[in-house]
Amino acid sequence: MDGSWQIGHRKARDYGRIADETSKALKTLDPGIETIVCGSSNDEMETYPDWEHTVLEECYENVDYISLHKYFGNRSRDTLNFFGKIEQTGRYIQAIAGTIDHVKARKRAKNDVYICFDEWNVWYHKRAEEKEKIRKWDWPEAPALLEEDYNFEDALFVGGLLNEFIRRSDRVKIACIAQLVNVIAPIRAERGGPAWRQTIYWPYQMASLYGRGEAMAVHVDGPTYDCRVAEDVSYLDVAVTHDPAAAMLTVFVLNRHLSEAADLDMDLAGFTPGEIALHRVMEGHELRATNSATAPDRIAPVKGHDAAIDEGRLRARLNPLSYNVIRINLSQE
């Protein structure tokens, strides 16, 4: 073990002990408080996943969550590899879940620790440009920084990433987009001028509105592809939620294929489906197209027409590079 990691390991233990004592003190003041201990800032750090393991060994019984961060980009303009980062994120979550389980078993602990994915978004469009600006600036007042212009490809990616959070919601109980307005955010506003919804606003809105209730286990059988960051990636990215209170099943589907439509044939066994209550789709845009102050609604969900219930199955024609949200009324008999 080299000297640098010995120092890092010692720092992780020290941090874990501080987190343990701080969490105990806070919960003494208010037993209802939930605390989050910091993990590695992303899965590409040298400390990952050892930091998480070492920290949790010191504070497991007294914290509720461990945090994860990850930002995404597509500088290579390799769309399928970009979409493959959704699967890469799933592996990240699975690795930390395994670390949590290992520490729990070693400590014979009774409590569960969950994951708080407390920073995530697409962030790469202006980073190089802004680094150059910062070198040249002479301390300007409140300069515009990190104001990404999100495109249609980013919206599709965010839709798929939200699907991953839904699928992993047994472990990921909190997942916070980084910021909401201007700074790597789904909403942009100009000083003294208009505000508008960026492309990524829409999948975030639909997941927030309709991703309620219980996350269902989904098995997808269909064509796959390999890319640099992941192998055997399904072209169809699917998440399903069941809201018993609203008697509603919601299906979120991203078709990642660059040129081919897909026929969705979903068995709804265990449910008695009624009519399609809603079908919204984002599709048909150039990948680099964006919304702007002068064209705020260029990219937004539209009504879909290709979903139907047929003999207890959901069938739909999903166009290439499309994000679909399909809501199904359920019989309460």
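Residues numbered from 1 in each chain as written. Predicted model: local features only at pLDDT ≥ 70, side-chain atom pairs only at ≥ 80, totals over all residues. Heavy atoms only, no water.

Caption draft 1: Quick peek at the pairing of strand 15 (residues 307-310). Sheet analysis places strand 15 next to strand 16 (residues 313-318), joined by four bridges and oriented antiparallel. Directly across from D310, in strand 16, lies its bridge partner R313. Taken together, strand 15 and the strand that follows it, strand 16, pair antiparallel across an intervening segment of two residues, in which E311 is found at a positive phi of about 55°. (Pairing = 2+ DSSP bridges. Helix = DSSP H or I, 4+ residues; strand = E, 2+ residues; numbered from the N terminus.)

Caption draft 2: How the structure looks around the sheet that holds strand 3 (residues 114-122). As summarised here, the arrangement of the four strands in space is 1-2-3-4, forming an open sheet in which the pairing is parallel. Each edge of the open sheet carries a strand with a single partner, namely strand 1 (36-37) and strand 4 (172-177). Both strand 2 (residues 65-72) and strand 3 contribute to a ladder of eight bridges, which runs parallel. By the bridge assignment, S67 is partnered in strand 3 with C116.

Caption draft 3: Broad picture of unusual backbone geometry. The omega torsion across Y48 and P49 is -10°, close enough to zero to call that bond cis. Phi at R77 takes a positive value of approximately 55°, unusual for a residue other than glycine. Mapped onto the fold, R77 is located in the loop between strand 2 and helix 3 (79-107).

Caption draft 4: Representation of the side chain of T89. Turning to its location among the elements, T89 is positioned in helix 3. Leave out the neighbours within four places in its chain, and T89 touches K70, F72, F117 and L161. (Contact = heavy atoms within 4.5 Å.)

Caption draft 5: Focus on the sheet that holds strand 16. Ordered in space as 12-16-15, the three strands form an open sheet in which the pairing is antiparallel. Both outer strands of the open sheet, strand 12 (262-267) and strand 15, are each paired with one neighbouring strand and no more. If you compare each strand with its neighbour and ignore which way they point, the axes differ by 20° on average. (Axes fitted to C-alpha atoms, helices over the stretch in contact; angles between N-to-C directions.)

Caption draft 6: Region of interest: the packing of aromatic side chains. For the coordinates displayed, the defined rule picks out 12 aromatic pairs. Geometrically, the ring pair formed by F117 and F165 is tilted, given 5.1 Å between the ring centres and 55° between the ring planes. Note that F117 is positioned in strand 3 and F165 in helix 5 (residues 152-167), a separation of 48 residues in sequence. Here F117 matches F165 in class, with each residue buried. Relative to Y204, the ring of W120 has its centre 6.3 Å away and its plane inclined at 50°; by these criteria the two rings are tilted. Here the residue W120 occupies a position in strand 3, and Y204 occupies one in helix 6 (residues 201-210), the gap between them amounting to 84 residues. The class of W120 is buried, set by a relative accessible area of 1%. K173 extends its terminal NZ or CZ atom over the ring of Y114, reaching a point 5.2 Å from the ring centre. (Phe/Tyr/Trp six-rings, centres within 6.5 Å; stacked < 30°, edge-to-face > 60°. Buried < 20%, exposed > 50% of the residue type's maximum accessible area, 1.4 Å probe, protein only. Lys NZ or Arg CZ within 6 Å of the ring centre and 35° of its normal.)

Caption draft 7: Quick peek at the packing of helix 5 against helix 6. Contact geometry for helix 5 and helix 6: axes closest at 8 Å, N-to-C directions at 25°. Classified by the angle their axes make, helix 5 and helix 6 are roughly parallel. With respect to the hand of their crossing, helix 5 and helix 6 are arranged in right-handed fashion. Residues A155, V158, G159 and L162 of helix 5 lie in contact with helix 6, whose contacting residues are P203, Y204 and A207. Across the contact of helix 5 with helix 6, the residue classes break down as six nonpolar, one polar and no charged. (Parallel < 35°, antiparallel > 145°, perpendicular 65-115°, else oblique. Left-handed = near helix turned anticlockwise from the far one by under 90°. Nonpolar A, V, L, I, M, F, W, Y, C, P; charged D, E, K, R; others polar.)

Caption draft 8: Here's a closer look at the pattern of salt bridges. Inspection of every chain in the model, using the stated rule, returns 28 salt bridges. Note that R288 and E153 form a salt bridge whose closest N and O atoms lie 2.7 Å from each other. With R288 in the loop between strand 13 (273-282) and strand 14 (302-303) and E153 in helix 5, this pair connects stretches of sequence that are 135 residues apart. Here D297 makes a salt bridge to R197, at a shortest N to O gap of 3.6 Å. Of the two residues, D297 sits in the loop between strand 13 and strand 14 while R197 sits in strand 6 (residues 195-197), which places them 100 residues apart along the sequence. Shared partners join several salt bridges into a network, and the residues in it are R13, D14, R17, E57, E58 and R106. (Salt bridge = Lys/Arg side-chain N within 4 Å of Asp/Glu carboxyl O.)

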